[in-house]
Amino acid sequence: MPIEILMPALSPTMEEGNVSKWLKNEGDKVAAGDVIAEIETDKATMEVEAVDEGVLGKILIAAGTEGVKVNTPIAVLLEEGESASDIGGAPAAKKADAPAAAEQPAPAAEPAAPTVAAAPKTEVAADPDIPAGTEMVSTTVREALRDAMAEEMRRDDAVFVMGEEVAEYQGAYKITQGLLQEFGARRVVDTPITEHGFAGVGVGAAMTGLKPIVEFMTFNFAMQAIDQIVNSAAKTLYMSGGQMGAPIVFRGPNGAAARVAAQHSQCYAAWYGHIPGLKVVMPYTAADAKGLLKAAIRDPNPVIFLENEILYGQAFDVPKMDDFVLPIGKARIHKTGSDVTIVSFGIGMTYAVKAEAELRGMGIDAEIIDLRTIRPLDLDTIIASVKKTNRLVVVEEGFPQSSVGDFIANQVSQRAFDHLDAPVITIAGKDVPMPYAANLEKLALPNVGEVVEAVKAVTYR
Amino acid sequence: MAAAAKKAPTKSKAGAKPPSAPTTPKPADFNKEQELEAYRGMLLIRRFEEKAGQLYGMGFIGGFCHLYIGQEAVVTGMKMGLIDGDQMITAYRDHGHMLAMDLSPRGVMAELTGREAGLSKGKGGSMHMFSKEKHFYGGHGIVGAQVSLGTGLAFANRYRGNKNVSLTYFGDGAANQGQVYESFNMASLWKLPVIYIIENNRYAMGTSVTRSSAETDFSHRGASFKIPGMKVDGMDVRAVKAAADVATEWCRSGEGPIILEMQTYRYRGHSMSDPAKYRSKDEVQKMRSEHDPIEQVKARLIEKKWADENELKAIDKEVRDIVADSAEFAQTASEPDASELWTDITH
């Protein structure tokens, strides 16, 4: 049966084009791959190749015709043994492949449904019960992180650590201290200084089912690797239709330390919090650091685990339990209160905690929520608190524009507007690169006074 | 292409000193079965890609679509050197790699048309398909990213202590990305079993290698990292197979990575919307008429009287039927349910 040659779409956006030239005449023999015509698209003049072999029986659209819609028959190809008389009425000829094609040129172009269903809600389990009488051990965040990795490495041979100076040097910030001695060089891998490369190596290994913990000496260096984190680790599960993902943890110190200036002092909570496919954890206490890092290592998804150099040496009580694992995606009410909600995370909590003490002296009873996880964000806990206190202040060290606090303020205004007795105040780092000078650095970061003032403002004191 | 899985070669001689850097071997001597396997495998890719181009023209395939026509011998010959469990990973010109790894033509084509029955449920498209079962790790749209990932596959092989090899493909364009060399360094340092297959089709999109690369001999690109390299006629499937055998043996015996520069050519533009004005028609025509990988096999089959025109036509018809079936399937399969928007984001 004669085959219709249709006006092809030759770019992602082409809807019509011009038939500029025929390179074969009626009656010419055509082999698959032969250029038969030139077509002018919205971008360029393109050659059209024959897909089937045969004889060009009839040209339906003359050279020079403009504005030919995609999928319009432009010629008819005769197969072996057919003659021009077989063409009959062109419309009766067999369409090259899909009978419906001419009427429905682009199935994808159908208008989207007017409403899009909301994301399904996933329930996150509460923190595990800590049995009465459990011994609490004062532990630094540094030790807690190390213990979490060691416990998980003992539990699962697929878990390994890689990064700069993690093995022989015992960790640039001594987080991996002792791991090489216990687990050997196979599982505690010193890498060259090559963040983009080893992040990709880690993701590739994770795609086979290994569970790498990739340490960045600081998250500032991870900007070299952000393509692998965002495009490879975060998106593969979706792009593969659920077949393949990357169970990997990227961890290391994040945000400002002390006097290390602009390139080494940046918080990435909002950056990674933006990306579907990632989980983002940013603990404050040693117990949360331990329980959440263990959860992150077990999680089948890529987890960004944001630590802070200043917190590494701070000690907190950690329950002495065989297997202390906390849920990712659940905020923790650090202190209950009734007059105002202060939400923070990571080192931001240090400002919130100190401010709360001052506020208590002024007779203001503040509730402090430690987010612990930036993504998935536990908005329910925040909103429940706002419904109780009717006032909200968010504290973080990152830059102000498109910050974590901005998103929380937006969500609270949409979901709990009627419960607010004052505008939400977001406190962030100043909108400047981090300066080196001690006095300027102090000015660039949030401070306790700002938090106190913000609380006074929303409580009209 | 049901390539019979070979057994992993055992280490040549216990205690033997490391072999010296391998050099390009002579093309493999194919028997009749191998010639027919190669013919059929390459033809499937060619016809599939032609059909994909046609469906693109009809609006059934959207976005970007990069065809592999002309380069078929590379994946076909490499696949013939693999054992079960060896992994493959590549960039965005990936349909041929998937077919070579025995991914279902229906599944690939339905992904191209964005349907639920596609390999990625319609959520990946031309550049993003995967198969854990067939050890195919994508399909990556960011030029060069797959090189670090493929090195990670090799890392996993070494970690697990298996004999498998990662086949990591990239183009002459990607060969100028920084992370390629970061990966080379680690692969050599840690003796990772990875074959870096540089498909040099002479053009990084529209920029010829001489205009983009200071060193156009890609087999030498590993020199600073002590990675040996071989130049291979990527239009001759027997030459590719012979190189695959040498390279896999090198990797499996613990020697670390190796580079294969496949000298090949793509007949079509970089993507569907590329008029390919940066090269002459004569250049394309010369490659097609003198070096076509499929015609080479066909000529040998006929010359050796291993198949006559009728038998080859029968293979052609069988391949066309598979492709027509996949196209029909891909056009009629349903689009993903709206609920799929929210699935597979995290586990």
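Okay, so let's go over this structure. Every value quoted in this text rests on a predicted model; they were computed, and no experiment measured them. (Residues numbered from 1 in each chain as written. Chains lettered and ligands numbered in written order. Predicted model: local features only at pLDDT ≥ 70, side-chain atom pairs only at ≥ 80, totals over all residues. Heavy atoms only, no water.)

**Structural notes on the overall build of chain A**
- From N to C terminus, chain A includes 13 helices and 22 strands.
- Radius of gyration (C-alpha) of chain A: 31 Å, far over the 23 Å computed for a compact globule of 461 residues.
- Judged by the C-alpha coordinates and their principal axes, chain A covers about 100 × 60 × 45 Å.
- Within chain A, the proportion of its 461 residues that are buried is 56%.
- Considering only intrachain contacts with a sequence separation of at least 6, the fraction spanning at least 24 residues in chain A is 76%.
- Approximately 18,900 Å² of chain A is accessible, and the part contributed by carbon and sulfur atoms is 53%.
- Both charge centroids of chain A, one from 40 positive and one from 63 negative side chains, sit 8 Å from each other. (Helix = DSSP H or I, 4+ residues; strand = E, 2+ residues; numbered from the N terminus. Rg over C-alpha atoms; globule rule 2.2 N^0.38 Å. Buried < 20%, exposed > 50% of the residue type's maximum accessible area, 1.4 Å probe, protein only. Contact = heavy atoms within 4.5 Å. Areas by Shrake-Rupley, 256 points an atom, 1.4 Å probe, with all protein chains shown as cover. Lys, Arg positive; Asp, Glu negative; His and termini not counted. Charge placed at Lys NZ, Arg CZ, Asp CG, Glu CD.)

**Some details on the sheet that holds strand S1 (residues 3–6) of chain A**
Residues and elements named next belong to chain A.
- Here we have 4 strands laid out as an open sheet, ordered S1-S8-S6-S3, and antiparallel in their pairing. One side of each edge strand has no neighbouring strand; the edge strands of this open sheet are S1 and strand S3 (29–30).
- Of the strand pairs in this sheet, S3 and strand S6 (residues 54–59) are connected by 2 bridges, and their pairing is antiparallel. What sits directly across from Val 30, in S6, is Gly 54. (Pairing = 2+ DSSP bridges.)

**Considerations on the environment of A:Gly57**
All names here are of chain A.
- Take Gly 57: it is sitting in strand S6.
- With 342 residues separating them in the primary sequence, Gly 57 and Phe 399 have C-alpha atoms 67 Å apart.
- With residues near it in sequence (within four places) discarded, Gly 57 still touches Glu 26, Val 76, Leu 77, Leu 78 and Ile 87.

**What to know about the sheet that holds strand S3 (residues 194–200) of chain B**
All names here are of chain B.
- As summarised here, the arrangement of the 5 strands in space is S1-S2-S3-S7-S6, forming an open sheet in which the pairing is parallel. Two strands bound the open sheet, and with one partner strand each, they are strand S1 (87–89) and strand S6 (229–233). Sheet twist, expressed as the mean angle between neighbouring strand axes with direction ignored, is 20°.
- Of the pairings in the sheet, the one linking S1 to strand S2 (residues 166–171) comprises 3 bridges and is parallel in character. Residue Met 88 lies in a different strand from S2, and its bridge partner there is Leu 167.
- Helix-sheet contacts for helix H6 (residues 178–189) involve S2, S3 and strand S7 (258–263), and the interaxial angle to S3 is about 150°.
- Packed onto the sheet, helix H8 (residues 237–252) meets S3, S6 and S7 and runs at close to 160° relative to S6. (Axes fitted to C-alpha atoms, helices over the stretch in contact; angles between N-to-C directions.)

**Considering empty space enclosed by the protein**
All names here are of chain A.
- All chains considered together, the criterion is met by 4 cavities of 30 Å³ or more.
- If you go around the largest cavity, you meet 15 residues; those closest to its centre are Ser 265, Glu 397, Gly 398, Phe 399 and Met 434.
- Within the lining of the largest cavity, the residues separate by chemical class into 8 nonpolar, 5 polar and 2 charged. (1 Å grid on protein atoms, 1.4 Å probe; cavity = no way out; pocket = protein on both sides within 12 Å on 5 of 7 lines; lining within 4 Å. Points joined across faces, edges and corners; volume = space filled by probe spheres on them. Nonpolar A, V, L, I, M, F, W, Y, C, P; charged D, E, K, R; others polar.)

**Focus on the packing of helix H4 (residues 226–234) of chain A against helix H5 (residues 145–160) of chain B**
- At a minimum axis separation of 11 Å, H4(A) and H5(B) run at an interaxial angle of 80°. Considering the angle they form, H4(A) stands roughly perpendicular to H5(B). Contact with H4(A), carried on its side by A:Asp227, A:Gln228 and A:Ser232, involves B:Ala145, B:Ser148 and B:Leu149 of H5(B) and no other residues of that element.
- Split by residue class, the contact of H4(A) with H5(B) holds 2 nonpolar, 3 polar and 1 charged. (Parallel < 35°, antiparallel > 145°, perpendicular 65-115°, else oblique.)

**Notes on the nonpolar core**
- By size, the foremost hydrophobic cluster in this structure holds 81 residues, and its most contacted members are A:Phe216, A:Phe250, A:Leu371 and A:Ile408.
- Residues in contact with A:Leu371, not counting those within four places in the same chain, are A:Lys330, A:Ala331, A:Val343, A:Ser344, A:Phe345, A:Leu377, A:Ile382, A:Val404 and A:Ile408.
- B:Leu44, B:Met262, B:Tyr265 and B:Val323 belong to the second-largest nonpolar core, a separate cluster that totals 74 residues. (Core = buried A, V, L, I, M, F, W, Y, C linked by side-chain atoms within 4.5 Å.)

**A closer look at the interface of chain B and chain A**
- In this assembly, 59 residues from chain B lie in contact with 74 residues from chain A.
- Counting each side, the surface lost to burial between chain B and chain A is near 5,700 Å², with a carbon and sulfur contribution of 59%.
- By the criterion of area lost to chain A, the three top residues of chain B are B:Met58, B:Tyr159 and B:His347, representing 14% of everything that side buries.
- Between B:Arg268 and A:Glu49 there is a salt bridge, and its shortest N-O distance comes to 2.7 Å.
- Where chain B meets chain A, there are 24 residue pairs in polar contact (both at pLDDT 80 or more).
- Elements represented by at least two residues in the side of chain B that touches chain A include exactly helix H1 (32–57), H5, H6, helix H9 (281–291) and helix H11 (309–332) of chain B.
- Among the elements that line the side of chain B that touches chain A, the one with the most residues is H5(B), at 10 residues.
- Tallied by class, residues from the side of chain B that touches chain A come to 22 nonpolar, 20 polar and 17 charged. (Buried area = accessible area lost by both parts, 1.4 Å probe. Salt bridge = Lys/Arg side-chain N within 4 Å of Asp/Glu carboxyl O. Polar contact = N/O pair within 3.5 Å; in protein donor to acceptor, adjacent residues only side chain to side chain.)

**Quick notes on unusual backbone geometry**
- Between A:Arg375 and A:Pro376 the backbone carries a cis peptide bond, its omega angle lying at 0°.
- By the element assignment, A:Pro376 lies in the loop between strand S20 (373–375) and helix H10 (379–389).
- The backbone of B:Asp102 sits at a positive phi, close to 70°, despite the residue not being glycine.
- Turning to its location among the elements, B:Asp102 is positioned in the loop between helix H3 (95–100) and helix H4 (105–112).
- When its relative accessible area of 29% is taken as the criterion, B:Asp102 is described as partly exposed.
- Of note in the backbone geometry, B:Ala276 takes a positive phi value of approximately 55° without being a glycine.
- Note on placement: B:Ala276 falls in the loop between S7 and H9.

Any functional reading would require information that these geometric values do not contain.
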